[in-house]
Amino acid sequence: MSSKRSGQILFIFLFITSLYIEGCQRGKADSKRVVASFDKQTITLEDFNSLYKDIIASFGIKDNTEQLNSIKRDLLNQLIERRLLLHEAQANNILVNDAELNEAIERIKADYPKDKFEEILKAENLTYDKWKARLREDLVIKKVLTAVVDSQIAASDAEIKKYFNTHKGEFDRKEEIRVRQIVVAKEEEASAIRKQLLSGADFAKLAQEKSLTPDKAKGGDLGFFSKGGSMPEEFDIAFSLRTGEISSVVKTPYGFHIFRVEEKRSARKTSYNEAVPEIKKLLMQEKREMRYREWLAELRVKKGVKIDYDVLYE
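No experiment lies behind these values; they were computed from the predicted model shown. (Residues numbered from 1 in each chain as written. Predicted model: local features only at pLDDT ≥ 70, side-chain atom pairs only at ≥ 80, totals over all residues. Heavy atoms only, no water.)

Asker: Describe in detail the overall build of the protein, supporting the description with residues and values.
Answerer: Regarding its fold elements, the protein presents 11 helices and seven strands. Going through the 314 residues of the protein one by one, you find that 41% of them count as buried. Of the contacts made within the protein by residues no fewer than 6 positions apart, 72% connect residues no fewer than 24 positions apart. Accessible surface, the protein: about 18,400 Å² in total, of which carbon and sulfur atoms supply 49%. (Helix = DSSP H or I, 4+ residues; strand = E, 2+ residues; numbered from the N terminus. Buried < 20%, exposed > 50% of the residue type's maximum accessible area, 1.4 Å probe, protein only. Contact = heavy atoms within 4.5 Å. Areas by Shrake-Rupley, 256 points an atom, 1.4 Å probe, with all protein chains shown as cover.)

Asker: An account of the pairing of strand β1 (residues 34-38) is needed here, citing residue identities and associated values.
Answerer: Note: β1 against strand β2 (residues 41-44), four bridges, orientation antiparallel. Note on β2: the bridge partner recorded for Val34 is Thr44. Connecting β1 to the antiparallel partner β2 that follows it, the hairpin turn spans two residues, and Asp39 within it adopts a positive phi of roughly 50°. Bridging between β1 and strand β7 (residues 306-307) involves two bridges; their strand directions are antiparallel. (Pairing = 2+ DSSP bridges.)

Asker: Residue-level account of helix α3 (residues 65-91), with values.
Answerer: A rise of 1.5 Å per residue sets the reference length of α3, with its 27 residues, at 39 Å; its end C-alpha atoms lie 39 Å apart and thus fit the reference within 8%. Asn93 sits one or two positions beyond α3 and adopts a positive phi of about 55°. (Expected span 1.5 Å × (residues − 1).)

Asker: Lay out the sheet that holds β7 with the relevant residues and their values.
Answerer: What the three strands build is an open sheet, ordered β2-β1-β7; its pairing is antiparallel. The open sheet is flanked by β2 and β7, the only strands paired with a single partner. Along the sheet face, α3 touches β1, β2 and β7 and points at about 25° away from the line of β1. (Axes fitted to C-alpha atoms, helices over the stretch in contact; angles between N-to-C directions.)

Asker: Go over the sheet that holds strand β5 (residues 250-252), please, and point to the residues and values.
Answerer: Spatially, the four strands line up as an open sheet ordered β4-β3-β6-β5, and their pairing is antiparallel. If you trace the sheet from one side to the other, it starts and ends with β4 (221-226) and β5, each paired once. Taking the axes of each pair of neighbouring strands and ignoring which way they run, one obtains an average angle of 45° across the sheet. Here nine bridges tie strand β3 (residues 176-184) to strand β6 (residues 255-265), and the two strands are oriented antiparallel to one another. Bridged to Ile177 within β6 is Lys264. Sheet strands in contact with helix α8 (residues 187-198) are β3 and β6, and its direction is about 35° off that of β6.

Asker: Requested: an account of helix α10 (residues 272-302), with residues and values cited.
Answerer: Its 31 residues place the ends of α10 43 Å apart at the C-alpha level, agreeing with the 45 Å of an ideal helix rising 1.5 Å per residue. Within α10, the axis deviates most sharply at Glu278, by approximately 30°. Those residues of α10 lying buried are Ala275, Ile279, Leu283, Met284, Arg291, Tyr292, Trp295, Leu296, Leu299 and Arg300. Close packing links the buried residues of α10 with α3, α6 (128-148), α7 (157-166) and β7. Of the residues flanking the end of α10, it is Gly304, one or two places downstream, whose phi is positive at about 65°. (Bend = angle between axes of the 7 residues up to and from the residue.)

Asker: Hey, could you go over the nonpolar core for me, with residue numbers and the actual values?
Answerer: Generally speaking, soluble globular proteins have nonpolar side chains that are buried together. By size, the foremost hydrophobic cluster in this structure holds 41 residues, and its most contacted members are Val35, Ile43, Phe48, Leu76, Ile80 and Trp295. Mapped onto this core, the elements with two or more residues apiece are β1, α2 (45-59), α3, α4 (98-109), α5 (116-123), α6, α10 and α11 (309-312). By residue number, the principal contributor to this core is α3, which donates 10 residues. Not counting residues within four places of it along the chain, the set of residues in contact with Leu76 comprises Val35, Ala36, Ile43, Phe48, Ile307 and Leu312. (Core = buried A, V, L, I, M, F, W, Y, C linked by side-chain atoms within 4.5 Å.)

Asker: Give a detailed account of the packing of aromatic side chains, specifying residues and quantitative values.
Answerer: By the definition in use, this model includes nine aromatic pairs. Between Phe117 and Trp131 the ring centres are 4.8 Å apart and the planes differ by 75°, which places this aromatic pair in the edge-to-face class. Here Phe117 is found in helix α5, whereas its partner Trp131 is found in helix α6, with 14 residues between them in sequence. For Phe117, a relative accessible area of 6% gives the class buried. According to the relative accessible area criterion, Trp131 is buried, its value standing at 7%. Ring geometry for Tyr128 against Trp131: centres 5.7 Å apart, planes inclined by 40°, an arrangement best described as tilted. (Phe/Tyr/Trp six-rings, centres within 6.5 Å; stacked < 30°, edge-to-face > 60°.)

Written as structure tokens, this is what we have:
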């Protein structure tokens, strides 16, 4: 199984378990086989399999015992670790208020075309309320990690300098362009809008009026990006345009696009001072991951996590 597919399974599993975990009730497993116990909680094989079987069935995975056992182990550990982190948050009175939650919701929705977000939730058989509850938990966990892990790590000037000297070429800037776009659902509408633009219509104004994507609020301004970066490959057509030129209609999974290049930045070398923020971010991410794994191992010992693999692999 590819790591991407395995990741999809874990992603869906954790959406489900975020509201399920409280079903792993304290002391309710007297007549059931316990697959895991920790911090006075138990997870029974019956509870675990009720989730696991649905997930495996949805992906059509079968007849590979070693692969299935690996997935079982990963799923169970993900469930345990998530609950441990949420308990740490509760113990330290770490909460996410409604204002923080709503801000995160709006930020996430802004990355999707109109109505696309609801379609994705529906495709995953998730209600909006379940997704919202999951997001609140994610934000709580992020706060826990910031409070516990980030407070214990730092990237020194010497480490940043050393990294720059051994990775100089990685920070050289590729050619970048700043682009506006208009996105509509139908090709005929896109063609009609393009004719207006070629006749002198204001691009930003039409984007605000017609475009379906969140960047319409900024007149379709996507900011600067480089080829092969964060944008879909269909956007690369914009690199062949002159500043101020209007593109042809471009079809992507999001709809029908029209682009205009606002500015261009040539490829260039990056100085040490320019690279410092990015290097610091990279180093902090490495240190964060390492310290998180260490702390989580400590937490599992502290909470007495026990897994019965013989029961799990049945």
